Amino acid sequence: MRNLPPPDSDSSPLGLEEWIGIIIAVITIGAILIGVLGQRQKGLNLQQWIGSLTSEPTTEAPEEPKVTSPIAEEIPTRETLSSAPLATDSPSPSPAVAAAPESIDEDEAFPEIARAVPLAPIVSAPTTETETPTETSEATPTPTPTETPDAAVKFADVPEDYWASPYIIALVQRDVMSGFPEDNTFKPNSSITRAEFAALLRNAFEQQPTLETPNFKDVSSEFWAWSAIQETSKTNFLRGYPNNTFQPKQPIPKVQVLVALASGLGLEANQSPQEVLQTYQDSNQIPEYAREKISAATEAGIVVNYPNTESLNPTQDATRAEVAAMVYQALVEAGKADAVTSEYVVNP
């Protein structure tokens, strides 16, 4: 039997130095893994972390690409982020701003790398409405409904069924006549003076003067109706009395109203005045100077007799309602107004 040499007591599969190297390697690998896992949340890669652990100088890492934000070129810091105003059209704070990491501290290790971590840009929360401003048209005010002509003129003493209501309303709308605003009345049964009638004629007609300027002794240039009397006298609507007076404050009788209208419009009788005037039961009360003009006015449909068409009552003071009716009928004859149907218009 062959004797073998005794085993070497100092030899072993792994020596002490090997074990120490293994332990150091395991610790190093574990530290690397722990460091990588820990630094991954801070945006560091393996190479940067290893370089920070070693004291040996390393080549400068390439510059991190600059992260741009839709709002500004520089990355906002915590101070600027907290002071930046939110969009005014956002109904609530932006979720992106609320999610911005608040654990970033400028004094912690590796500040340059920490500042390079991009923050979510400040954006307004999506809304259902479009951001593009739409052109708003100005609100068109609702037009105020205009009253009908009949409803626009109302007098307390002129009901709708009043016989002269259509004439009165028409002349008031034309600014030929007016009522009494203090009590909202028209006083249709009141008389009218010669001066008032002159002013009415000037408002109603635009006739060219054909006569010389009169000079009435009882009408001074300071009188309120002086210009109206002058104009209506030069256009042959109104004439004075033989003694060169006008008597402006005298109530005008119906016969003078009809003579003035027929004269101013230049109406002439086509038939015999005797035949035409037979229409009136009181024709004998018509003055001789007025018979031809009354006849012409009757043929032209200017005469309006209320309540009886056969009674002219020529010498009675004309009422405001009668003057309104006859002046309007004169406008119809002159082609300046539409005819009004009335049962009181005299048809010879």
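The rules behind these values
Residues numbered from 1 in each chain as written. Predicted model: local features only at pLDDT ≥ 70, side-chain atom pairs only at ≥ 80, totals over all residues. Heavy atoms only, no water. Helix = DSSP H or I, 4+ residues; strand = E, 2+ residues; numbered from the N terminus. Buried < 20%, exposed > 50% of the residue type's maximum accessible area, 1.4 Å probe, protein only. Contact = heavy atoms within 4.5 Å. Areas by Shrake-Rupley, 256 points an atom, 1.4 Å probe, with all protein chains shown as cover. Core = buried A, V, L, I, M, F, W, Y, C linked by side-chain atoms within 4.5 Å. Axes fitted to C-alpha atoms, helices over the stretch in contact; angles between N-to-C directions. Parallel < 35°, antiparallel > 145°, perpendicular 65-115°, else oblique. Left-handed = near helix turned anticlockwise from the far one by under 90°. Salt bridge = Lys/Arg side-chain N within 4 Å of Asp/Glu carboxyl O. pLDDT = per-residue confidence, 0-100. Lys, Arg positive; Asp, Glu negative; His and termini not counted.

For the chain, the helix and strand inventory stands at 13 helices and zero strands. Overall, the chain shows an N-to-C arrangement of helices and strands of α-α-α-α-α-α-α-α-α-α-α-α-α. Within the chain, buried positions represent 32% of all 348 residues. Within the chain, residue pairs in contact and separated by at least 24 positions form 73% of the contacts whose partners lie at least 6 positions apart. For the chain, the exposed surface amounts to about 23,100 Å²; the carbon and sulfur share of it is 53%.

Turning to the nonpolar core, a few remarks are in order. Ile168, Phe205 and Ile294 are the most contacted members of the largest nonpolar core, which has 68 residues in total. Secondary-structure elements contributing two or more residues to this core are helix 7 (165-173), helix 8 (194-204), helix 9 (226-234), helix 10 (254-264), helix 12 (291-299) and helix 13 (320-333). Looking at which element gives the most residues to this core, the answer is helix 13, with nine residues. Once you skip the residues sitting within four places of it in the chain, isoleucine 294 turns out to touch Val255, Leu258, Val259, Leu277, Tyr280, Ile286 and Leu312.

Those residues of helix 9 that sit buried are Ala228, Ile229, Gln230, Thr232 and Ser233. The elements touched by buried residues of helix 9 are helix 8. Positive phi shows up at asparagine 236, right after helix 9, with a value of about 70°.

So, about the packing of helix 8 against helix 9. Running from N to C, helix 8 and helix 9 point in directions that differ by 65°, and their axes come no closer than 8 Å. Considered as vectors, helix 8 and helix 9 are oriented roughly perpendicular to each other. For helix 8 against helix 9, the interelement crossing comes out left-handed. Seen from helix 8, the contacting residues are Ala195, Ala198, Ala199, Leu201 and Arg202; seen from helix 9, they are Ser227, Ala228, Ile229, Glu231 and Thr232.

Across the nine residues that make up helix 7, a large majority, seven, are buried. Every buried residue of helix 7 is listed here: Ser165, Tyr167, Ile168, Ile169, Ala170, Leu171 and Val172. Phi for aspartate 175, located one or two positions after helix 7, is positive at around 60°.

Below, the discussion takes up the side chain of serine 295. Secondary-structure assignment places serine 295 in helix 12. Filtering out sequence-adjacent residues up to four positions away, serine 295 remains in contact with Ala269, Gln271, Ser272, Pro273, Val276 and Leu277.

This part takes up the pattern of salt bridges. This model, assessed by the stated rule, comprises four salt bridges. For the salt bridge of glutamate 160 with lysine 154, the shortest nitrogen-to-oxygen distance reads 2.8 Å. Note that glutamate 231 and arginine 202 form a salt bridge whose closest N and O atoms lie 4.0 Å from each other. Here glutamate 231, found in helix 9, pairs with arginine 202, found in helix 8; they are 29 residues apart in sequence, far enough to count as distant.

Now for the confidence of the model for the chain. Per-residue confidence for the chain gives a mean pLDDT of 75, with 63% of residues at or over 70. Per-residue pLDDT stays below 50 along residues 53-59; that stretch engages in zero contacts with residues further than four places along the chain or on separate chains. Here residues 64-151 scores under 50 on pLDDT; set against residues more than four positions off or in separate chains, the count is 55 contacts.

A separate point is the environment of glycine 264. Examined against the element boundaries, glycine 264 turns out to sit in helix 10. With 32 residues separating them in the primary sequence, glycine 264 and threonine 232 have C-alpha atoms 8.3 Å apart. Non-local contacts of glycine 264, meaning those with residues more than four positions away in its chain, are made with Gln207, Thr235, Asn236 and Phe237.

Looking at the element boundaries, arginine 194 is found in helix 8. One buried charged side chain, arginine 194, makes no salt bridge at all; its nearest oppositely charged neighbour is aspartate 218, positioned 7.3 Å away. Excluding anything up to four places from it in sequence, arginine 194 contacts Leu238, Arg239, Gly240, Tyr241, Phe246, Gln247, Pro248, Gln250, Ile252 and Gln256.

Attention shifts here to the environment of glycine 179. Considering the arrangement of structural elements, one finds glycine 179 in the loop between helix 7 and helix 8. Distance in space between the C-alpha atoms of glycine 179 and lysine 154 is 9.7 Å, their sequence separation being 25 residues. Filtering out sequence-adjacent residues up to four positions away, glycine 179 remains in contact with Phe155, Thr185, Phe186 and Arg320.

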